[in-house]
Amino acid sequence: MPDSIERALEAALSDRCCLGQILIQKTNDGFVLSHRANEARKDLQTSRNAEEAVEIAKYDDAGNYRPLKTAPNLRHGWRLTLKTLEELKRALDYFYPGRLAIFAAWKTGQLRTTNLRDTLDRQSGMYRVAAKISDAQIDDLVADFCQSDGGCLRHGFVDEIAE
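In this report, the structure presented in the accompanying data block is examined. All figures in this text were calculated on a predicted structure; none of them were measured in a lab.

Turning next to the pairing of strand β2 (residues 22-27). Pairing geometry for strand β1 (residues 16-19) and β2, over four bridges, is antiparallel. The partner of cysteine 18 across the bridge, within β2, is leucine 23. Turn length for the β1-β2 hairpin, with the two strands adjacent in sequence and antiparallel, is two residues, and the turn residue glycine 20 shows positive phi of about 60 degrees. Looking at chain direction, β2 and strand β3 (residues 30-35) are connected through six bridges and run antiparallel. From the neighbouring strand, glutamine 25 faces β3, where its bridge partner is valine 32. Counting the residues between successive antiparallel strands, the hairpin from β2 to β3 contains two residues.

Another point: a nonpolar patch on the surface. A surface patch of nonpolar side chains, about 210 Å² in accessible area, is lined by Leu116, Leu141 and Val142. Structurally, the position occupied by valine 142 is in helix α6 (residues 135-145).

To continue, consider the pattern of salt bridges. Across all of its chains, the model carries seven salt bridges by this definition. Note that arginine 16 is salt-bridged to glutamate 39, the shortest N-O span being 2.6 Å. Residue arginine 16 is located in strand β1, and its partner glutamate 39 is located in the loop between β3 and β4 (45-47); the two are separated by 23 residues in the primary sequence. In this structure glutamate 39 comes out as partly exposed when scored by relative accessible area, which is 40%. Among the charged side chains, a salt-bridge network with shared partners connects Arg117, Asp121 and Asp135.

Before going further, it helps to examine the environment of leucine 88. Among the secondary structure elements, leucine 88 is positioned in helix α3 (residues 85-95). It is 8.7 Å that separates the C-alpha atoms of leucine 88 and glycine 30, two residues lying 58 residues apart in sequence. Apart from the residues lying within four places of it in its own chain, the contact partners of leucine 88 are Leu9, Leu13, Ile24, Phe31, Leu33 and Leu82.

For the rest of this paragraph, the subject is the pairing of strand β5 (residues 78-82). Residue alternation in β5 divides its side chains into a buried set, Trp78, Leu80 and Leu82, and an unburied set, Arg79 and Thr81. Relative to β5, β3 is paired through four bridges, and the arrangement is antiparallel. What sits directly across from serine 34, in β5, is arginine 79. The pairing of β4 with β5 spans three bridges and is parallel. Along β5, the bridge assignment pairs serine 47 with leucine 80. The β-α-β motif built from β4, the intervening helix α2 (residues 52-58) and the parallel element β5 has right-handed crossover chirality.

Where helix α1 (residues 4-12) contacts helix α4 (residues 99-107), the axes come no closer than 9 Å and their chain directions differ by 80 degrees. Classified by the angle their axes make, α1 and α4 are roughly perpendicular. Residues Ser4, Ile5, Ala8, Leu9 and Ala12 of α1 pack against Leu100, Ala101, Phe103, Ala104 and Lys107 of α4. Among the residues forming the contact of α1 with α4, the class breakdown is eight nonpolar, one polar and one charged.

So, how was this worked out
- Residues numbered from 1 in each chain as written.
- Predicted model: local features only at pLDDT ≥ 70, side-chain atom pairs only at ≥ 80, totals over all residues.
- Heavy atoms only, no water.
- Pairing = 2+ DSSP bridges.
- Helix = DSSP H or I, 4+ residues; strand = E, 2+ residues; numbered from the N terminus.
- Patch = residues over 30% accessible without salt bridge, like charges linked within 9 Å, V, L, I, M, F, W, Y side chains within 5 Å.
- Areas by Shrake-Rupley, 256 points an atom, 1.4 Å probe, with all protein chains shown as cover.
- Salt bridge = Lys/Arg side-chain N within 4 Å of Asp/Glu carboxyl O.
- Buried < 20%, exposed > 50% of the residue type's maximum accessible area, 1.4 Å probe, protein only.
- Contact = heavy atoms within 4.5 Å.
- Right-handed = clockwise from strand over helix to strand, strands pointing away.
- Axes fitted to C-alpha atoms, helices over the stretch in contact; angles between N-to-C directions.
- Parallel < 35°, antiparallel > 145°, perpendicular 65-115°, else oblique.
- Nonpolar A, V, L, I, M, F, W, Y, C, P; charged D, E, K, R; others polar.

Have a look at this one:
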């Protein structure tokens, strides 16, 4: 019996869909993943192992380490060919850790969010200064950094897979 993540993922998959910066194409033999900007390229380096997603996601095009996996700087030039839904699920979890669980929780109505003010107010130790950020500063921060049109991909993550 598939778990809730697999059920939500399978229901969202069409012939092709995007999840963050990843294009997922369903084929007769499984799934093909690539950077969404590389859809027309024929010169992609192909891998057939879900674990390769770890290395693909690790560095950007310039070779810089990517500490935030949802940042919109996923490396280009790769293709990942996978046979099963389990491999797809594993690879996507390497690309975007925890996002599939959040997606499944959202699809089943179990996703609970915490607003940024509550999160900041809980900070202690070296991060306690974060609680001093004003609500106006929070609004500015969110407006500057939480954009789906080139900023943080978390906003568009669920919408794009649900297409």
